[in-house]
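A closer look at the structure
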Amino acid sequence: MRTLSLMTILALLGLTLFGLDSPMWANPCDDPSTGVQENILGIVEVYDLDYQMNSYTQSSHRVTIENRTDHVVEYKYECSYVVVIDDANDNIIVADATREFGPHTVKPGETEWHYETRTASLHNVRRNRDYILKTYTVLRVTGGPSWGICREYKFKHQ
């Protein structure tokens, strides 16, 4: 009996460490970007990824949640925005404007929208070097489903 209890504890610890029991640790790129789950419609978008020569990068993020249940739904959303050096050996972060928003609530039968623009100044990065703007938008319902989408934009800083 002791062995079974120890095995159970080790299994739960393993699940926790690897994030298998927590959608907050899940890779947002593995989630669908649109769909209805548990009577909740989620739509996430990343668009207008851009590099303004000699100045900054930007991305736009949009989240839509429609509550088709008969109870209030709590959720958070995150807009990830990271500029990294495009290097075969590793991706060194040179700018990070990632932010989580919430918690928010949406009442039964209602829809909520959120729009965010992320930007980062490039005044401290090297010219004539390749970079990648890595972004994602993720919507996470407390105790429920999540939706995510990822986009990348490669550029050479002039």
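Everything quoted here is computed from the prediction, not taken from an experiment.

On to the sheet that holds strand S1 (residues 34-37), then. Taken in spatial order, the four strands make up an open sheet running S1-S2-S3-S7, and their pairing is antiparallel. The two strands at the open ends of the sheet, each matched to only one other strand, are S1 and strand S7 (111-121). For this sheet, the mean inter-axis angle between neighbouring strands, taken without regard to orientation, is 15°. Across eleven bridges, the pairing between strand S3 (residues 56-67) and S7 is antiparallel. In the sheet register, Arg62 faces S7, and the bridge partner there is Tyr115.

In this structure, Ile65, Tyr75, Tyr77, Val83, Leu139, Val141 and Phe155 are the most contacted members of the largest nonpolar core, which totals 28 residues. Top contributing element to this core by residue count: strand S4 (residues 73-85), with seven residues. Excluding residues that lie within four positions of it along the chain, Phe155 makes contacts with Tyr51, Thr57, Val83, Leu122, Arg129, Asp130, Tyr131, Ile132 and Leu133.

What follows is about the confidence of the model for the protein chain. Here the protein chain shows a mean pLDDT of 84. Residues at 70 or above account for 83%. Here helix H1 (residues 2-17) is the element of the protein chain with the lowest mean pLDDT, 41, and strand S6 (residues 99-106) is the one with the highest, 97. Low pLDDT, under 50, characterises residues 1-24; the predicted model gives this stretch ten contacts beyond four residues in sequence or across chains.

All right, on to the state of the cysteines then. In the structure shown here, the tally under the stated rule is one disulfide. Across a sulfur-sulfur distance of 1.7 Å, Cys29 and Cys150 are joined as a disulfide pair. Because the torsion about its S-S bond is -105°, the bridge between Cys29 and Cys150 counts as left-handed. Separated by 121 residues along the polypeptide, Cys29 in the loop between H1 and S1 and Cys150 in strand S9 (residues 146-157) bring together distant segments of the chain. Owing to a relative accessible area of 43%, Cys29 belongs among the partly exposed residues under this scheme.

Its place among the elements puts His157 in strand S9. Sequence spacing of His157 and Tyr56 is 101 residues, and the spatial spacing of their C-alpha atoms is 9.6 Å. In this structure His157 touches Tyr51, Asn54, Leu122, Val125, Arg126, Arg127, Asn128, Arg129 and Tyr131, once residues within four positions along its chain are discounted.

What counts, and where the lines are drawn
Residues numbered from 1 in each chain as written. Predicted model: local features only at pLDDT ≥ 70, side-chain atom pairs only at ≥ 80, totals over all residues. Heavy atoms only, no water. Pairing = 2+ DSSP bridges. Helix = DSSP H or I, 4+ residues; strand = E, 2+ residues; numbered from the N terminus. Axes fitted to C-alpha atoms, helices over the stretch in contact; angles between N-to-C directions. Core = buried A, V, L, I, M, F, W, Y, C linked by side-chain atoms within 4.5 Å. Buried < 20%, exposed > 50% of the residue type's maximum accessible area, 1.4 Å probe, protein only. Contact = heavy atoms within 4.5 Å. pLDDT = per-residue confidence, 0-100. Disulfide = S-S within 2.5 Å.

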